Structures are given as C-alpha cells and as structure tokens.
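Examination of the molecular architecture
Here is what each chain is made of, one letter per residue.
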Amino acid sequence: MNPHAAFSASYAAARAKFLEAAGAAGMALRAYEHPLKGRDGETLAMDVALDGSPDAEHLFIVSSACHGVEGYCGSGVQVYAACDAEWRAKARAGGVAVLYIHALNPHGFSYARRTTHENVDLNRNFHDFGQSLPVNEAYREVHDLLLPAQWPPTDGNEASIAAYIDTHGVARYQAAVSQGQHEYADGMFFGGTAPTWSNQTLREVLRTFGRQARRIAWMDLHTGLGPSGLGERIFACENDAKVLARARAWWDGGGETPVTSFYDGSSTSAKLTGLMWTAVYDECPQAEYTGMAMEYGTLPILDIIAALRADHWLHKHPGTPPEVQAAIKRQMMNAFYIDTDEWRTQIIAQARQAMFQTVDGLGSA
C-alpha cells in the first residue's frame, strides 16, 4: 500500500478506510458507538479489530486518537498495518494477536480537537476519582494568560506569556500547561472529575480482549512533540527499572531508536498524571505489561501550545465568526499532522519497525 493512501482527510473517511481494510483482512470487528454525532453528522465510534486468535497468550494493542486530532496520523498507521501482508505474517508466526483500537476519542478526531466531548484530555483522565485528585499549582499561574478574553491575544497578553517563559524556561511552561489539572473545566489539559465515555469504553475493551493474555504490549500513537517526523518511543509503564530495561531491550534498536522516559527526564514529555495505560493494570492484572507511546514530532512546542490555546479559546467562544473558526482549525491540523508524503512515509516506517520489534519482544524470555 502506498503510505499516502492509508491516511485520510476526515474522521469519517478514516473510519471507513479502517473498517474496509480490517474487514478485507478477515479481522473480527466490534464497534462501540459514541452517544453523540460527529462534525458532519456522522456516527462516531471506538472501533476494535482483532487480528489473530482471541485466546492468544501474547496480545499487542495498537491504538489511535487518544488525543482526537492526533488520529489523523494514528489511523493511517493502523490502516497501513491492516493491509501489510508481511507484518501480519510476522505477527501470526510469533503467535501474537494484534488488537487495533481505532479512535479512542472519536469526537475529538471528528472535530479536530485534542479533547473529548467533555473537554477532557483522555490521557489525564485515569484516576481513582474516589480519592483526592492531584493539584497543578503551576497551571493556576497561567490559566488566565493562556485563555484571554479575546483572540488573537493582545500584545500585552503575548508579552506576559513571553515574560513567564523568560523567567521560568520553556520546560516549566510546557509542564505547567500540559501536566494535567482538575480545577478548570474549561481549561487546557483538564483531566476531568469523573471517568469519560472513552475511559469507560476503553476499560470494557481491555476486559473483553485482554484478560486471556499472559503478556500484553501496547503502542499508543501520538503526535506533537519533538523534531518533525521523528517517532520518540516514550516508556508508558509504571516506574519500574526492570520493566524499563525490558522496554529498552525490545525497542531501542541497539541505541538507534532510544526508549525515553519522563521519570528520568529523558523524554520530550513532561511528567504527567492520570495516564491512560494505567488501565491495563486495573483491567488485565494477570498480564505482564510493556508499553510505549510513539510520539511523532510535528512543530516546535511553543507552536503546539499556541494551537491548543486557540482551540480551547474557540471552545469557550462558539459564536466566533466562521473565518476565525476555520483559521483555528487549520492551525490545529498543521500542529498535529504534517500533510506531506515525506512525513507520512517516516511515520509508517518507524511504526512498522517498532511493531516488528514488539513481536520479537513478546516472544522473548
């Protein structure tokens, strides 16, 4: 398959392409329909395709669109994989069943937003909500600056943001914004005060498809951090030195494709809370788990945050003129999906390499 053909220009097209590819490959399909409709009135769903035996001891999860708009990239990887005969033969020969979860957050995918329909960052939403939630005091300092009364921001607002960065540094600014917060429901990186639809549905998927597995690997596909086109392999497990060593043995390619970790500061990601992969420990406690986020770079981090600021501001101001809305949505798409064949080819090549490595890793002692 030509890499270009695997990607789509809308959620509806991406869903149709994924279902067609998985169906043609003879995969078992299940749709978990979202309660709302999409931007164009289309049905929204978390679609699941299982390639392999439902009784397989080794399960590899490949998921997309945790952060909706990032699904434009992740869906392309999944569609390409479903059509890749060499990859599918590799997994079968290794006794690995592959579970594709297409559009963890279909609403955000359809509307080109990073958040769910509840304005929640799904990857900050996995908490025990019966306990006290973490407090992001640094976010309190910047919330009003991030989402001013008017858009585009005034020169004064931009100067205040610049002064914060000059004082604290870009890394502190990124962490303040992105770590996750539970106080401002209309704010950025809101982790919610209850499990979202996507949270609850993903847990059902894990219970249904993961409880027979002895070993589970998970590659969750993301975009937005790091150099354009580079897939950073970010460790996505509990802070355990033995598990990190296993992940690096599987995926670091002899040092050519390093596995980074926000626990030790080697990742472009800030240290986060409420992460989605923690659900594996809850729903599949019998399995040995090894996971990573494949984070593909697009634009510099300040451009990414600027796009997210604009999108959150638009969410708070639905009466914004159509031309401004369209400009903000273009800004979001440009921030999370580089529309060139060169970028798409890089995405497919790196995902494919990691997927082959995963089968070898699951089969190792």
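We now turn to the structure provided with this report. Throughout, a residue's number is its position along its own chain's written sequence, starting from 1. In view of the model being predicted, local features appear only for residues whose pLDDT reaches at least 70, and side-chain atom pairs are presented and counted only at 80 or more, with totals across whole chains, interfaces and linings using the full set of residues. As a rule here, side-chain values come from all non-hydrogen atoms in the structure, and water together with hydrogens is ignored.

**Describing unusual backbone geometry**
The following threshold applies: Here a helix means four or more residues in a row that DSSP labels H or I, a strand means two or more in a row labelled E, and each is numbered from the N terminus. Only protein chains enter the calculation, and the probe is 1.4 Å; a residue is then buried if its accessible area is under 20% of its type maximum, exposed if over 50%, and partly exposed in between.
Following W151, the chain continues into P152 via a peptide bond in cis, with omega recorded as 0 degrees. Summarising the element assignment, P152 is placed in the loop between helix 6 (137–146) and helix 7 (155–168). Positive phi, normally seen in glycine, also occurs at A103, with a value near 70 degrees. Of note, A103 is situated in the loop between strand 4 (96–102) and helix 5 (106–111). Exposure remark for A103: the relative accessible area of 0% places this residue in the buried category. Non-glycine residue F189 carries a positive phi angle of around 55 degrees.

**Section: the packing of aromatic side chains**
Put simply, the test is: Working definition: rings of Phe, Tyr and Trp (its six-membered ring) pair if their centres are within 6.5 Å, and the pair is stacked with planes under 30 degrees apart, edge-to-face with planes over 60 apart, and tilted otherwise.
Summed over all chains, the structure comprises 15 aromatic pairs. Between F60 and W87, the aromatic rings sit 6.2 Å apart at their centres with planes inclined by 85 degrees, giving edge-to-face as the arrangement. Residue F60 is found in strand 3 (residues 58–63), and its partner W87 is found in helix 4 (residues 85–93); the two are separated by 27 residues along the sequence. Look at F60 and you get buried, because its relative accessible area is 0%. Relative accessible area serves as the criterion here: at 1%, W87 is assigned to the buried category. Three or more aromatic residues link up through ring pairs in this structure, and these residues are F7, Y11, Y72, F109, Y337 and W343.

**Here we look at the packing of helix 3 (residues 71–82) against helix 14 (residues 341–362)**
Counted only if it meets this: Think of each axis as a best-fit line through the C-alpha atoms, taken over the contacting stretch in the case of a helix, with angles from 0 to 180 degrees between the N-to-C directions. Oblique is the label for any angle not under 35 degrees, not over 145, and not in the 65 to 115 range, which are roughly parallel, roughly antiparallel and roughly perpendicular in turn. Here is the rule for handedness: rotate from the far helix to the near one, and if that takes an anticlockwise turn smaller than a right angle the crossing is left-handed, while a clockwise turn gives right-handed. When checking whether two residues touch, look at their non-hydrogen atoms; a contact exists if any pair is within 4.5 Å. Note on residue classes: Ala, Val, Leu, Ile, Met, Phe, Trp, Tyr, Cys and Pro are nonpolar, Asp, Glu, Lys and Arg are charged, and everything else, Gly too, is polar.
Viewed as axis vectors pointing N to C, helix 3 and helix 14 meet at an angle of 60 degrees, and their least axial separation amounts to 10 Å. By the angle class used here, helix 3 and helix 14 are oblique. Handedness of the helix 3/helix 14 crossing: right-handed. Contact residues: helix 3 offers C73, G76, V77, Y80 and A81, while helix 14 offers W343, I347, I348, A351, R352 and M355. Taken together, the residues of the contact of helix 3 with helix 14 sort by class into 9 nonpolar, 1 polar and 1 charged.

**A few points about the sheet that holds strand 7 (residues 259–260)**
For clarity, the cut-off: DSSP-based pairing: two strands are paired if at least 2 bridges between them are found.
Across the sheet, 8 strands lie side by side as 1-2-4-3-5-8-6-7; this open sheet has mixed pairing. Two strands close off the open sheet at either side, each with one partner strand: strand 1 (28–37) and strand 7. Of the strand pairs in this sheet, strand 1 and strand 2 (residues 43–51) are connected by 7 bridges, and their pairing is antiparallel. Bridge pairing in strand 2 places A31 opposite D47. Its contacts with the sheet put helix 10 (residues 241–251) on strand 5 (215–228), strand 6 (231–235), strand 7 and strand 8 (288–297), and the angle it makes with strand 8 is roughly 60 degrees.

**What to know about helix 6**
Our working definition: Directions drawn from the helix axis to the C-beta atoms are what define this arc. Each polar contact in these results corresponds to two N or O atoms within 3.5 Å; when the atoms are within protein, one needs to be able to donate a hydrogen and the other to accept it, and residues that are neighboring in sequence are counted only if both atoms are side-chain atoms.
Taken together, the buried positions of helix 6 are A138, Y139, V142, H143 and L146. The buried residues of helix 6 occupy one face: seen down the axis, they fall within an arc of 135 degrees. Exposed and oriented more than 90 degrees from the buried face of helix 6 are E137 and D144. Taken together, the buried residues of helix 6 touch helix 7, helix 8 (170–178) and helix 12 (301–316). The opening residue of helix 6, the one whose side-chain oxygen lies 3.3 Å from the backbone nitrogen of A138, is N136.

**Some thoughts on the pairing of strand 8**
Counting buried positions along strand 8 gives 9 out of 10 residues, so the element sits mostly inside the fold. Direction of pairing for strand 6 relative to strand 8: antiparallel, over a ladder of 5 bridges. Looking at the pairing, I234 lines up with A293 of strand 8.

**A look at the environment of W218**
Relative to the assigned elements, W218 resides in strand 5. When its relative accessible area of 2% is taken as the criterion, W218 is described as buried. The sequence separation of W218 and G291 amounts to 73 residues, and the corresponding C-alpha distance is 4.6 Å. Setting aside residues up to four positions removed in sequence, W218 forms contacts with F60, I61, S63, L202, W251, M276, W277, V280, Y289, T290, G291 and M292. A polar atom in the side chain of W218 sits 2.8 Å from the side chain of S63.

**What to know about helix 10**
All of the buried residues along helix 10 are V243, L244, R246, A247, W250 and W251. Down the axis, helix 10 shows its buried residues gathered within 160 degrees of arc, on one side only. In helix 10, the exposed positions that point more than 90 degrees away from the buried face belong to A241, K242 and A249. Tucked inside the fold, the buried residues of helix 10 contact strand 5, strand 6, strand 7, strand 8 and helix 14. For helix 10, the capping residue at the N-terminal end is D240, with a side-chain oxygen 2.8 Å from the backbone nitrogen of K242.

**A few points about the pattern of salt bridges**
A pair can form between side chains of opposite charge whenever their charged atoms are brought close. For the record, the criterion: A side-chain nitrogen of Lys or Arg and a carboxyl oxygen of Asp or Glu constitute a salt bridge if their distance falls within 4 Å.
Inspection of the entire model under this criterion finds 25 salt bridges. Among the salt bridges present, the one from D47 reaches R15, with a minimum N-O distance of 2.6 Å. Here R15 lies in helix 2 (residues 11–24) and D47 lies in strand 2, a separation of 32 residues in the sequence. The same class applies to D47 and to R15, which are both buried. Of the charged contacts in the structure, one is a salt bridge between K316 and D186, with a shortest N-O distance of 3.1 Å. On the criterion of sequence distance, the pair formed by K316 in helix 12 and D186 in the loop between helix 8 and helix 9 (197–210) is long-range, its members being 130 residues apart. Looking at K316, the relative accessible area reads 30%, which means it is partly exposed.

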